[in-house]
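Here is what each chain is made of, one letter per residue.
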Amino acid sequence: MIVLTLLAAVLVGLALAVLGGGGSILTVPILVYLAGQDPKQAIAMSLFVVGVTSAVGAVSHARAGRVRWRTGLVFGAAGMAGAYGGGRLAQFIPGTWLLMGFAVMMIATAVAMIRGRRDSAQAKPRGELPVGRVVAEGVVVGAVTGLVGAGGGFLVVPALALLGGLPMAVAVGTSLVVIAMKSFAGLAGYLATVHIDWTLAALVTAAAVAGSLAGGRLAGRIPETLLRKGFGWFVLVMGGFVLAQQLPVMYGVVAAWLIAVGGGAWLAQRKRREMRTGSRPR
């Protein structure tokens, strides 16, 4: 299983280099289902793996001029605050719930990427984005990053490409800077309560970095529309896989919720009936 884990980690690096995201989307399931890690340990370890791999991958994008540094650094700084808070909050939430939330957000983001901007044909490439918008989006995405262990690329890339109007290749390169910053902040929040197998983390990281270096040579050579839709379908498939793994648990949660709602409604109806009966004149 360790061999399969390392081979899959190479795909993590490729995804980060080419798509600017998808690192944690792959890493968390790999560590849970192949390496046998606890969900919270897998989330914490994925933040380390993705943070290091993203930092390495950002170098090749920066050399090719595909990084908006001010946007990336401001987004990343705002996201770090949210990521640390999300990482600390995660200790109060069951790991299964985190994985389900992770999958739902993946699917929602994938649909947005596949659909794209309605005005994409008229949209003009932008330079640095307004600081206020970058800070607001960074805090929200950062909180999600720390909470569910996602490096944020599957949220940062759509935010920069769909909302910010950056070219897809530039959004990919800039997202790696943001991912690295937020991943380390989220990791700091997790390390307060979660223990990591650092030997396994180092091996997986080394394999992911190797994949990132190989994938860096492909980045920028893929048509923008194909890259955006490919990213969306990739995230959609992975989100569906993670959600499918949690379906038995989710069915139980839904059933419990229906029972609670039904029971509450029955008690409320009974109480109203008793009040009406008791209020009638004798």
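What counts, and at which threshold
Residues numbered from 1 in each chain as written. Predicted model: local features only at pLDDT ≥ 70, side-chain atom pairs only at ≥ 80, totals over all residues. Heavy atoms only, no water. Helix = DSSP H or I, 4+ residues; strand = E, 2+ residues; numbered from the N terminus. Buried < 20%, exposed > 50% of the residue type's maximum accessible area, 1.4 Å probe, protein only. Contact = heavy atoms within 4.5 Å. Areas by Shrake-Rupley, 256 points an atom, 1.4 Å probe, with all protein chains shown as cover. Phe/Tyr/Trp six-rings, centres within 6.5 Å; stacked < 30°, edge-to-face > 60°. Axes fitted to C-alpha atoms, helices over the stretch in contact; angles between N-to-C directions. Parallel < 35°, antiparallel > 145°, perpendicular 65-115°, else oblique. Left-handed = near helix turned anticlockwise from the far one by under 90°. Expected span 1.5 Å × (residues − 1). Polar contact = N/O pair within 3.5 Å; in protein donor to acceptor, adjacent residues only side chain to side chain. Core = buried A, V, L, I, M, F, W, Y, C linked by side-chain atoms within 4.5 Å.

K.L.:
Outline the overall build of the protein chain, supporting the account with residue identities and numerical values.
P.N.:
The number of helices and strands found in the protein chain is 11 helices and 0 strands. When the helices and strands of the protein chain are read in sequence order from the N terminus, they spell out α-α-α-α-α-α-α-α-α-α-α. Burial status across the protein chain gives 49% buried among its 282 residues. When contacts within the protein chain are restricted to residue pairs at least 6 apart in sequence, those whose partners lie at least 24 apart make up 86%. As displayed, the protein chain offers around 13,100 Å² of accessible surface, 68% of which is attributable to carbon and sulfur atoms.

K.L.:
Any chance you could break down the packing of aromatic side chains for me, citing the residues and the numbers?
P.N.:
Going through the model one piece at a time under the given rule, you end up with 1 aromatic pair. Here Phe48 and Trp198 contribute two aromatic rings whose centre-to-centre distance is 5.2 Å and whose plane-to-plane angle is 85 degrees, an arrangement assigned as edge-to-face. Of this pair, Phe48 sits in helix α3 (residues 39-63) while Trp198 sits in helix α9 (residues 198-216); the two residues are 150 residues apart in sequence, bridging distant segments of the chain.

K.L.:
Go over the packing of helix α1 (residues 2-19) against α9 with me, naming the residues and quoting the values.
P.N.:
Two numbers describe how α1 lies on α9: the axes approach to 6 Å, and their chain directions differ by 40 degrees. On the basis of their axis angle, the class for α1 and α9 is oblique. Between α1 and α9 the crossing geometry is right-handed. Residues Ile2, Thr5, Leu6, Ala9, Val10, Val12, Gly13, Leu14, Ala17 and Val18 of α1 form the contact with α9, whose participating residues are Leu200, Leu203, Val204, Ala207, Ala208, Gly211, Ser212, Ala214, Gly215 and Gly216.

K.L.:
Hey, could you go over α3 for me, with residue numbers and the actual values?
P.N.:
Because each turn of an α-helix spans 3.6 residues, side chains separated by three or four positions in sequence point in the same direction. Taking 1.5 Å per residue, 25 residues should reach 36 Å; α3 reaches 36 Å between its end C-alpha atoms and fits that length. The opening residue of α3, the one whose side-chain oxygen lies 3.0 Å from the backbone nitrogen of Lys40, is Asp38. Gly65 sits one or two positions beyond α3 and adopts a positive phi of about 75 degrees.

K.L.:
Explain the nonpolar core to me, and be specific about the residues and the numbers.
P.N.:
Met45, Phe75, Met168 and Tyr190 are the most contacted members of the largest nonpolar core, which totals 61 residues. A total of 10 residues in this core trace back to one element, the largest contributor, which is helix α8 (residues 168-190). Residue contacts for Met45: discarding those within four places in its chain leaves Leu31, Gln37, Ile196, Asp197, Leu200 and Ala201.

K.L.:
Explain the environment of Gly65 to me, using residue names and the numbers behind them.
P.N.:
Take Gly65: it is sitting in the loop between α3 and α4 (69-89). Through-space distance from the C-alpha of Gly65 to that of Gly173 is 8.6 Å; in sequence the pair is 108 residues apart.

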